[in-house]
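Chain by chain, the residues:
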Amino acid sequence: MKHVQNAEEDPGLKVFKTRQKKTKRRKTEELTNTTPQRLVFSTSRVLRMNGQPQLAKSLAQVNFESPSTSSYNTECSFSPSEALSLILDRGLSKRSYQNLRNSALEKKSKIFPSYNNVRLAKEDCLPSPPEEWLVTDGSAEVTLQDLLDHTTRRIFERVGVNHEVNEYRLICKMGRDGTTDLSIYKQIRSDNQEQNVVSESCFFVTCLVPLQLSGETEANEKVLVWKNNKPSSPFYCRPTRFKFVKETSEVLVPQTPRQAS
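Residues numbered from 1 in each chain as written. Predicted model: local features only at pLDDT ≥ 70, side-chain atom pairs only at ≥ 80, totals over all residues. Heavy atoms only, no water.

Draft legend 1. Quick peek at the overall build of the protein. A count of helical and extended segments in the protein gives nine helices and six strands. The burial tally for the protein puts 22% of its 261 residues in the buried class. Put simply, 63% of the contacts in the protein that link residues at least 6 apart link residues at least 24 apart. (Helix = DSSP H or I, 4+ residues; strand = E, 2+ residues; numbered from the N terminus. Buried < 20%, exposed > 50% of the residue type's maximum accessible area, 1.4 Å probe, protein only. Contact = heavy atoms within 4.5 Å.)

Draft legend 2. Spotlight on the packing of helix α5 (residues 80–90) against helix α7 (residues 115–123). Here α5 crosses α7 at 85°, and the two axes come no closer than 8 Å. Classified by the angle between their axes, α5 and α7 sit roughly perpendicular to one another. Contacts between α5 and α7 involve Pro-80, Ser-81, Ala-83, Leu-84 and Ile-87 on the former and, on the latter, Tyr-115, Asn-117, Val-118, Ala-121 and Lys-122. (Axes fitted to C-alpha atoms, helices over the stretch in contact; angles between N-to-C directions. Parallel < 35°, antiparallel > 145°, perpendicular 65-115°, else oblique.)

Draft legend 3. Here's a closer look at the packing of aromatic side chains. Counting across every chain of the model gives seven aromatic pairs. Judged by centre distance (5.5 Å) and plane angle (65°), the rings of Phe-203 and Phe-244 are edge-to-face. A residue pair is termed long-range when its members are at least 10 positions apart, and Phe-203 in strand β4 (residues 203–217) and Phe-244 in the segment after β6 (238–243) qualify at 41 residues. With relative accessibility at 23%, the residue Phe-203 sits in the partly exposed group. Residue Phe-244 is classed as partly exposed on the basis of its relative accessible area of 31%. Consider the rings of Trp-226 and Tyr-236, whose centres lie 6.3 Å apart with planes at 45°: the pair is tilted. You can see Trp-226 sitting in strand β5 (residues 222–227) and its partner Tyr-236 sitting in the loop between β5 and β6, a full 10 residues away along the chain. By relative accessible area, which is 30% here, Tyr-236 ends up partly exposed. Taken together, the aromatic side chains of Phe-78, Tyr-97, Phe-112 and Tyr-115 make up a single cluster linked through ring pairs. (Phe/Tyr/Trp six-rings, centres within 6.5 Å; stacked < 30°, edge-to-face > 60°.)

Draft legend 4. Up close: the pairing of β6. The pairing of strand β2 (residues 139–141) with β6 spans three bridges and is antiparallel. From the neighbouring strand, Glu-141 faces β6, where its bridge partner is Arg-241. Pairing of β4 with β6, which is carried by five bridges, proceeds in the antiparallel orientation. Opposite Leu-208, over in β6, you have Arg-238 as the bridge partner. (Pairing = 2+ DSSP bridges.)

Draft legend 5. Looking closely at a nonpolar patch on the surface. Residues Leu-126, Trp-133 and Val-135 make up a contiguous nonpolar surface patch of roughly 250 Å² in combined accessible area. Tracing the chain through its elements places Leu-126 in the loop between α7 and β1 (134–135). Since its relative accessible area comes to 34%, Leu-126 is described here as partly exposed. (Patch = residues over 30% accessible without salt bridge, like charges linked within 9 Å, V, L, I, M, F, W, Y side chains within 5 Å. Areas by Shrake-Rupley, 256 points an atom, 1.4 Å probe, with all protein chains shown as cover. Salt bridge = Lys/Arg side-chain N within 4 Å of Asp/Glu carboxyl O.)

Draft legend 6. Seen up close, the nonpolar core. With eight residues, the main nonpolar core is built from Ala-83, Leu-84, Leu-86, Ile-87, Tyr-97, Ala-104, Phe-112 and Val-118. Per-element tally for this core: the top contributor is α5, with four residues. Membership of the second largest hydrophobic core comes to five residues, among which are Ile-155, Phe-156, Leu-213 and Val-225. (Core = buried A, V, L, I, M, F, W, Y, C linked by side-chain atoms within 4.5 Å.)

Draft legend 7. Geometry of the pattern of salt bridges. Under the criterion given, the structure shown has six salt bridges. Between Arg-154 and Asp-124 there is a salt bridge whose closest N-O contact spans 3.0 Å. Of this pair, Arg-154 sits in helix α8 (residues 144–159) while Asp-124 sits in the loop between α7 and β1, and the two are 30 residues apart along the sequence. Overall, Asp-124 belongs to the partly exposed group, its relative accessible area being 30%. A salt bridge links Glu-157 to Arg-154, with the nearest nitrogen and oxygen atoms 3.6 Å apart. Residue Glu-157 and its partner Arg-154 are located together in helix α8, separated by three residues, close to a single helical turn. Here Glu-157 falls in the partly exposed class, since its relative accessible area comes to 46%.

Draft legend 8. Here's a closer look at a positive patch on the surface. On the surface, a cluster of positive charge is made up of Arg-19, Lys-21, Lys-22, Arg-25, Arg-26 and Lys-27. The topology assignment puts Arg-19 in the loop between α1 (11–17) and α2 (21–27). For Arg-19, a relative accessible area of 42% translates into the label partly exposed. (Lys, Arg positive; Asp, Glu negative; His and termini not counted. Charge placed at Lys NZ, Arg CZ, Asp CG, Glu CD.)

Interpretation in functional terms is not warranted from these geometric data alone.
Listed below in structure tokens is the structure:
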């Protein structure tokens, strides 16, 4: 078996490093007559024989068709929406997510999208522009029509649009729930009224949950487009109104969410 001298022990390597660029080009003229693929293969082989298998493996993964992105693995990457779900499920802060992404980039993996793309995906989850929300010091709500339209659009983005269906029907349910013993903070109200400690320690929310989206074709055939397989899961709760108020019998009276004007 032919022995290849270690590059660190090769005296010719030290001499080569001290040569001028013109001399180096002349010494390597024979290597420029071959293809890049052959040159990379030969270099990887020499690196392995000199005890540098990791460097040889990295060099062998070079993609000559796309050199700008060849060193990064993008085959199994998160979409901005999937990354947003990961952040919400794991309770990650912006800094924690960025540190996670930077660690992946150090391993030459673009599995996580930039936080700016995640922020845009988060804004796309809003049912309407913030200017159209009804927000006060103690409550906030969106119009029911905006929430229904946004819910339907998000379902279509997931399952696609069936052009054979002429009319769609979205079936939902609504519920209300409250909680107490929340932390109290000294905040100044915009209307200069006194802080209501009792109300601010309680929280009451009204949510909408989509159950299924169906349609009907011209031949009067019913088509099931989408169905909620977990109708009791909190992940499908879409808040339409919340308010800092104590849960009483008067509050529990069925209320119709604000309609679009």
